[in-house]
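Analysis of the macromolecular model
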Amino acid sequence: MSGRAVESAPVLIVGGSLVGLSTSVFLGRLGIEHMLVERHAATSTHPRGRGNNVRTMELFRTAGLEARIRAAASTLAGNDGVLQVDTLTGSQRRWIIRDISGGMDVSRVSSSDWCLCSQNDLEPVLLEQARREGDIRFNTELLSFEEDERGIRALIQNRETGETSTVAADYLVAADGPRSPVRNRLGIAQSGPGELFHNVSVTFRSRRLKDYTGGERFVVCYITDPRGEGALLPVDNEERWVIHVPWFPERGETLQDFTEERCANHVRAAAGVPDLDVEITGKAPWHASKRVADSYGRGRVFLAGDAAHEMPPTGAFGSNTGIQDAHNLAWKLAAVLRGWAEPSLLDSYERERRPVALTTSTRASAQAVEEEHPGFSSAATRNNDPEDLMTVALCYRYASDAVLGASPDLPVVPETFQLGGDPGTRAPHMWVTRDGARISTLDLYERSFVLLSGAQGHAWRAAAAQAAANLGLPVECHLVGDGPECDLVPEPDTDWAKLHGTAEDGAVLVRPDGFVAWRAHAELPHADRMLTTALQTVLGRL
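Note that the structure is predicted; figures quoted are calculated from it, not measured.

1. Some words on the sheet that holds strand β25 (residues 516–520)
Spatially, the four strands line up as an open sheet ordered β22-β21-β24-β25, and their pairing is mixed. Where the open sheet ends on each side, the last strands, each with one partner, are β22 (475–480) and β25. Averaged over neighbouring strand pairs, the angle between their axes works out to 15° when direction is ignored. Looking at chain direction, strand β21 (residues 449–454) and β22 are connected through six bridges and run parallel. The partner of F449 across the bridge, within β22, is V475.

This is the structure we're talking about:
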């Protein structure tokens, strides 16, 4: 391998879409130098991938981006639900899902809420932040890479100038999409049924279309009339729209068959308005697939996002699962690079995230059936339970060596909504006051391990300080209660110990990604040794 120059970065990220940019943001927040290369010259211009679930928005909140993302998504802030009609002017109309949150008071379980922010609006926000955090190079392509005992050596090329250079990196994160050249280079196979259905995403302008929506501000409206069958999505609720039209390449249909005239007539049929004003502004094919990589990497190379898993867009699980991959991997890379953890910690990435992808892709496929997505038919059982979407988004569990006390026999996603502080689950959200400011406990979890205990948890505070000194890593301890030594004051009628599944003198250890690593149900003798041992185990240092 040769290049005109040799550069270095602890982490090389390949792919600059949602998952790659999120990886950059999360690594940057942790102070890890990195380089990102993206073969395209700019971020996506097509309005797609709009659903950001509650867990993803929690991560963006902790990263300091939530306000900017909601500002970018303000046009669709009032849209909710999944509607089905024969045509917009027809007589058949029903809500498949009226409320994405299932009527749940989300503020009781999370610091954030769902956010409709299309990929073309979200990526620029992430890119702006990523450029502050790392070396971001668009119009730059990974040509090849090799790994040896010292790390990764990758050959990259500026596609505009043709100039090549070699990058020496400790680790490579491949967020390079469903056809992932990195995954193929590693020879990693995929499992699953493959392609499920195909659509052409057509963007268009129509000033009059809003007059026929019945005043409904939906997330998506499914049109069932065969002449206009498709999934209609508002871009600005005024004149910019997208419709996903079924495409059947197995019947010989090509993308060229979707002429502007055909697409415009399809929109008019969907609306039931033959003289509707329609200006086609773009079209892009997409393929809904269900595949999961058999391995999430090899050696110093890791797969994330669509490179690791593909699933239908229904339920808004695909990009969210990828962004959460990035968050899981980022803190582990940081821990290893800083010497807090042994490289074996990185093995837990696949052990934790691959089961989530397998379960979530199955749920996304079932959601496509429940929503009767145009172009897809299956014998799967309908559920139509929006609370289940919240359960999948927030309640998935990890069982790996990076968690103590998680049962591998439990399902990855429970049947009902459960967040009780169990090891391997996302730590519960609780509103507290700290230094006069109202925050969520979730806001505490990012750059270090955090230990929570009650007002009498002085022994745990001392244990955290001793464990941090023993292991050479930061461990923050917060006492929860109304006492003078407590630094987190819960809101009235909030029992922090019950919420976290422990006793007032117990403790909960939370990883930097917000997942419970270990829990003590009461004060323990030799608490410092117990906590030190727990941290050593989680970090692969035993």
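2. Side note on the pattern of salt bridges
Between side chains of opposite charge, a pair can form as their charged atoms come close. Counted by the stated rule, this structure contains 31 salt bridges. Two residues, R426 and E58, come together in a salt bridge whose shortest N-O distance is 2.8 Å. In this pair, R426 sits in the loop between α9 (386–394) and β19 (431–434) while E58 sits in helix α2 (residues 54–62), placing the two residues 368 residues apart along the sequence. We classify E58 as buried; its relative accessible area is 2%. One salt bridge connects R68 with E128, and the closest N-O pair in it is separated by 4.0 Å. Here the residue R68 occupies a position in helix α3 (residues 66–72), and E128 occupies one in helix α4 (residues 119–133), the gap between them amounting to 60 residues. On the accessibility criterion, R68 (28% relative accessible area) is partly exposed. Residues participating in the shared-partner salt-bridge network are R61, E66, R70 and D443.

3. Structural notes on the sheet that holds strand β20 (residues 437–440)
Strands pair in a sheet through their backbones, by hydrogen bonds, and they do so in one of two ways: parallel or antiparallel. On the basis of which strands lie adjacent, the open sheet formed by three strands has the order β20-β19-β23 and antiparallel pairing. Of all the strands in the sheet, the pair left with one neighbour each is β20 and β23 (489–490). As paired strands, β19 and β20 are joined by four bridges and run antiparallel to one another. Along β20, the bridge assignment pairs V432 with I439.

4. Remarks on the environment of A174
Inspection of the secondary structure puts A174 in strand β10 (residues 164–174). Assessed through its relative accessible area of 0%, A174 is described here as buried. Taking the C-alpha atoms as reference points, A174 and G15, separated by 159 residues in sequence, lie 6.7 Å from one another. In contact with A174, other than residues within four places in its own chain, are V14, V182, F302, L303, A304 and A307.

5. Focus on the pairing of strand β14 (residues 240–247)
With seven of eight residues buried, β14 is to be regarded as a mostly interior element. In the sheet, strand β11 (residues 190–205) pairs with β14 via eight bridges, with the strands oriented antiparallel. Looking at β14, one finds that N199 is bridged to P246. Pairing analysis gives four bridges linking strand β13 (residues 230–234) to β14, with the strands arranged antiparallel. By the bridge assignment, P234 is partnered in β14 with W241.

6. Digging into helix α6 (residues 260–271)
Two residues of an α-helix separated by three or four positions point the same way, owing to the 3.6 residues in each turn. When the terminal C-alpha atoms of α6 are compared, their 17 Å separation across twelve residues agrees well with the 16 Å that a helix rising 1.5 Å per residue should span. All of the buried residues in α6 are C263, A264, H266, V267, A269, A270 and A271. Contacts from the buried residues of α6 go to β11, β12 (220–223), β14 and β15 (279–293). Positive backbone phi, at 75°, marks G272, one or two positions downstream of α6.

7. Overview of the packing of aromatic side chains
Counted according to the given criterion, the structure contains ten aromatic pairs. A ring pair is formed by F26 and F60, whose centres lie 6.4 Å apart and whose planes are at 25°; its orientation type is stacked. Of this pair, F26 sits in helix α1 (residues 18–29) while F60 is found in helix α2, placing the two residues 34 residues apart along the sequence. Each member of the pair F26 and F60 is classed as buried.

8. Let's talk about unusual backbone geometry
For residues besides glycine, phi is generally negative; the peptide bonds are generally trans as well. A positive phi angle, near 50°, is found at D435, a position not held by glycine. One can find D435 in the loop between β19 and β20. Here D435 falls in the exposed class, since its relative accessible area comes to 77%. Its identity is not glycine, yet H526 carries a phi of approximately 55°, on the positive side. Take H526: it is sitting in the loop between β25 and α12 (527–538). Classification of H526 by relative accessible area gives exposed; the value is 52%.

Calculation criteria
- Residues numbered from 1 in each chain as written.
- Predicted model: local features only at pLDDT ≥ 70, side-chain atom pairs only at ≥ 80, totals over all residues.
- Heavy atoms only, no water.
- Pairing = 2+ DSSP bridges.
- Helix = DSSP H or I, 4+ residues; strand = E, 2+ residues; numbered from the N terminus.
- Axes fitted to C-alpha atoms, helices over the stretch in contact; angles between N-to-C directions.
- Salt bridge = Lys/Arg side-chain N within 4 Å of Asp/Glu carboxyl O.
- Buried < 20%, exposed > 50% of the residue type's maximum accessible area, 1.4 Å probe, protein only.
- Contact = heavy atoms within 4.5 Å.
- Expected span 1.5 Å × (residues − 1).
- Phe/Tyr/Trp six-rings, centres within 6.5 Å; stacked < 30°, edge-to-face > 60°.

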